[in-house]
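Now for the letters of each chain:
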Amino acid sequence: MSFNYDEFSEKCNKKETAKKILDKINAYCAAIDKASINLMEVCGTHTHEIFKSGVRTMLPDKIKLRSGPGCPVCVTEDSYIDGAINMARDKNFIITTFGDMLKVPGEISSLKKEQGAGSDVRVVYSPTDSIEIAFENPSKNVIFLGVGFETTAPAVAFLAKEAKERGLKNLFIYEGNKTVPEALKAIANHPAVKIDGFILPGHVSVITGVTAYRSPLAQSGICGVICGFEYIDILLSIETLLKMISEGRHDVINEYSRAVSESGNAAAQKIMNEVFEAHDSEWRGIGVIPGSGLKLRGEYKKYSADDNFAAVINRAGKTAETAHHQGCKCGEVLLSVIEPPQCPLFKKVCSPIFPIGPCMVSSEGTCAAFYKYGSSGDKIELE
Amino acid sequence: MNLNEREKYITEAHGNGGKLTHDLISSVFVKYFDNPTLSEGLDSGRLDILKFAAKISENTGFKFSGQKLGMTTDSYVVKPLFFNGGDIGKLAVTGTVNDLIVTGAIPVAITCGFIIEEGFKIETLETIVKSMARTASENGVFVATGDTKVVGRGLCDGVYINTSGVGLIPDGVDLAPSKISGGDAVIITGTPGNHGACILNERGGFIDRMSVSSDCAPLARQLSGLLDKKFGIKVMRDATRGGVATTLNEFVSQNNNFGIMLEEESISYETNAKSLADILGIDLLYSACEGRAIIVCPSGTANDVLAHLSRFDETSGAMEIGRVSEKNKGKVVIKTRIGGGRFLDMQVLEQFPRIC
């Protein structure tokens, strides 16, 4: 059966529906006795849809939509990228990676620059594309950059399993995968962050299920709604959050029930648990969050680039206080302590053409979204 | 490789100006581009402007006492060379014809320069040249002069083509962004972004090759009629690289007394191109077109412009997508379906390289 989105839109009259939801949002908003209500979306795709659909311009001024650390490339620390660059510079290595990682500047360079200088860095669309490359280059160490949240972690786990089953000796994973629920707890408890509710990521939740958020959010006393990617989803999620805030509830509600189940994707969780174990992980701008990273476990440890090539990677200075590019405020943007236009570099020296920080590099980044949709403080006059 | 086999491929000798160059010119280029100017065999093509002006006048009623020329050049490096809806040859003629007509110049003659990689199949070159010749004759232009260079293997990707063109601008026609004013209608001659989506699909093989087609089409016949004073056209531009959004931003950056307000609900897309773009997270308003013009005209003549365009296949999908506004000066804004708004900035980075 084919699904015609336009037909669906017409049938349910989305415009009317949106108006009705906006009326309710206004009513809840007026009833909540707060100067401002801070809602954080934790997914880059949400950030973009919010701008694209114009949701931001329709909400009452009191509601502040904050963009959280929802872009995996953006939260990857400089030292990880520097480690990848160190391997790329070594002629014995081939780096395979998702394209978004290429342009991210570390402290010393970027993979894109290294590629231009002759390093063998290859963009792949699936982690398993690395298998063929490993077979074709038996004398090289092929390193896949394992970056991403729960949405990519199962595919990286599958790569490790395939490497084992096919007996590959020259394929390794540079472990950088992170998980969302523990990070939410850290953000919720961060002294600089003031959040009243979370717009929870849709794709990540397909894997984790609703359950994964219950305990972290309950402990922090903040409500959350798992949200789909259409503007109607986003408006509905905002309405639901406001309802909970007005009632003083701290639940997790699943608005994206057409894709997300209570317990999530069992097969994906199984392979992740088989291949990875939780460990502490550093997030750019936030610092080390206990149990928020994934490391290879047991018999899969032998595919760890970290374990095998520590000397090459040389991950020195790996602390939350790493000196980032001077003036770059990606850390504060990721925590939503400031909005991109408040960064002194935004649009002046930092742009998608010459990005300074990862939030501008990645197409999912908050700075890139603010830049693209021109929301640098200009007001749109609609009537 | 035996001698016969070798004759099927371009060698460096085809570019040295000697016998093989002459053979190639006569057996491929002159054969298909054949016209009186080219047959003179001179170092440059000689054009009798008054003769052309008289001929166009006879066909269209336009007067050419001012004898103003439009002149343009463009290079074509598209990959792949053949795509659903066109090829590099058709594209090379189309792009130059469209650059002329949107400036108000009725195309007369073009030039073409080929840079060919050693080892390129002569048969493929012939197919491209045939396609150029067909596109040119269908649009009333001819190839007045040309050039061929051959570079070593690996130094270019098959073939690159440069075309330049000249056209005649009728008396009283003066199109420019400086003419636009508040309330003017913004019209596009068809669904946005098909060419970019097609090339992307050709490269990535995402969905069935034949399901997304390029909009590549010369618009000389369709747009020349609009040069008539009664339509009051302010400015036209073909939305190529950077797509519709970038072209509109060019208008308001060249005339920042005004802004442009698009209505999301008024813009329709080709269904398959839209599906592909949605899957890949690409905005078709930034995706290249090769057969779509943006036209700004007074609101009072918008319906006449649309009625004129609807008579031709290539522009039958023309639609009014927004208005020039006194608000948001120097900016392009889109009013979204739910009544919100967002800025539509100029494209910063290429969404996909070598589309044309």
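In case you missed it, the structure is sitting above this.
Scope of this entry: the structure provided in the associated data block.

The rules behind the values
- Residues numbered from 1 in each chain as written.
- Chains lettered and ligands numbered in written order.
- Predicted model: local features only at pLDDT ≥ 70, side-chain atom pairs only at ≥ 80, totals over all residues.
- Heavy atoms only, no water.
- Helix = DSSP H or I, 4+ residues; strand = E, 2+ residues; numbered from the N terminus.
- Rg over C-alpha atoms; globule rule 2.2 N^0.38 Å.
- Buried < 20%, exposed > 50% of the residue type's maximum accessible area, 1.4 Å probe, protein only.
- Contact = heavy atoms within 4.5 Å.
- Areas by Shrake-Rupley, 256 points an atom, 1.4 Å probe, with all protein chains shown as cover.
- Disulfide = S-S within 2.5 Å.
- Pairing = 2+ DSSP bridges.
- Axes fitted to C-alpha atoms, helices over the stretch in contact; angles between N-to-C directions.
- Buried area = accessible area lost by both parts, 1.4 Å probe.
- Salt bridge = Lys/Arg side-chain N within 4 Å of Asp/Glu carboxyl O.
- Polar contact = N/O pair within 3.5 Å; in protein donor to acceptor, adjacent residues only side chain to side chain.

**Overview of the overall build of chain A**
At step 1: Check the secondary structure of chain A and you find 18 helices and eleven strands.
At step 2: Its C-alpha atoms give chain A a radius of gyration of 21 Å, within 12% of the compact-globule value 21 Å for 383 residues.
At step 3: C-alpha atoms of chain A, sized along the principal axes, occupy 65 × 45 × 40 Å.
At step 4: Taken across its 383 residues, chain A has 55% of its residues classed as buried.
At step 5: The contacts of chain A with a sequence gap of at least 6 include a subset with a gap of at least 24, amounting to 77%.
At step 6: Total accessible area on chain A stands at roughly 16100 Å², and carbon and sulfur atoms take up 52% of it.

**Here we look at the state of the cysteines**
At step 1: What the rule picks out here adds up to one disulfide over all chains.
At step 2: Across the disulfide, A:Cys71 is cross-linked to A:Cys74 (sulfur-sulfur distance 2.4 Å). An S-S torsion of about 75 degrees defines the bridge between A:Cys71 and A:Cys74 as right-handed. Assigned by exposure class, A:Cys71 and A:Cys74 land together as buried.
At step 3: We note that B:Cys198 lacks a disulfide partner, and the nearest cysteine sulfur, in B:Cys216, lies 9.4 Å from it.
At step 4: Residue class for B:Cys198 comes out buried when judged on its relative accessible area of 1%.
At step 5: Residue B:Cys297 stays outside any disulfide, its sulfur separated by 18 Å from that of B:Cys289, the closest cysteine.
At step 6: B:Cys297 gets classed as buried once you look at its relative accessible area, which sits at 0%.

**A closer look at the sheet that holds strand β13 (residues 341-343) of chain B**
Residues and elements named next belong to chain B.
At step 1: Spatial strand order, β8-β10-β7-β11-β9-β12-β13: seven strands in an open sheet with mixed pairing. Edge positions in the open sheet fall to β8 (235-238) and β13, since each of these has one partner strand only. Taken pair by pair, the neighbouring strands of this sheet meet at an average axis angle of 25 degrees, ignoring direction.
At step 2: Here four bridges tie strand β7 (residues 185-188) to strand β11 (residues 319-325), and the two strands are oriented antiparallel to one another. If you follow Ile187 over to β11, its bridge partner there is Glu320.

**Some thoughts on the interface of chain A and chain B**
At step 1: Between chain A and chain B, the residue contacts involve 26 residues of the former and 20 residues of the latter.
At step 2: Buried area between chain A and chain B, summed over both chains or domains, comes out near 2100 Å², and the portion from carbon and sulfur atoms is 59%.
At step 3: In this assembly, chain A and chain B are joined by one salt bridge.
At step 4: Two residues, A:Lys15 and B:Glu265, come together in a salt bridge whose shortest N-O distance is 3.2 Å.
At step 5: On inspection of chain A and its partner chain B, the count reaches five residue pairs in polar contact (both at pLDDT 80 or more).
At step 6: When contributions to the side of chain A that touches chain B are tallied by element, the ones reaching two or more residues are α2 (14-31), α3 (44-52), α4 (55-58), α12 (231-247) and α18 (366-372) of chain A.
At step 7: Top element by residues in the side of chain A that touches chain B is α4(A). It accounts for three residues.

**What about the pairing of β7(B)?**
All names here are of chain B.
At step 1: Of the two faces of β7, both are covered, the one formed by Ala185 and Ile187 as well as the one formed by Val186 and Ile188.
At step 2: When β7 meets strand β10 (residues 293-297), the two strands line up antiparallel, connected through four bridges. Of the residues in β10, the one forming a bridge with Val186 is Val296.

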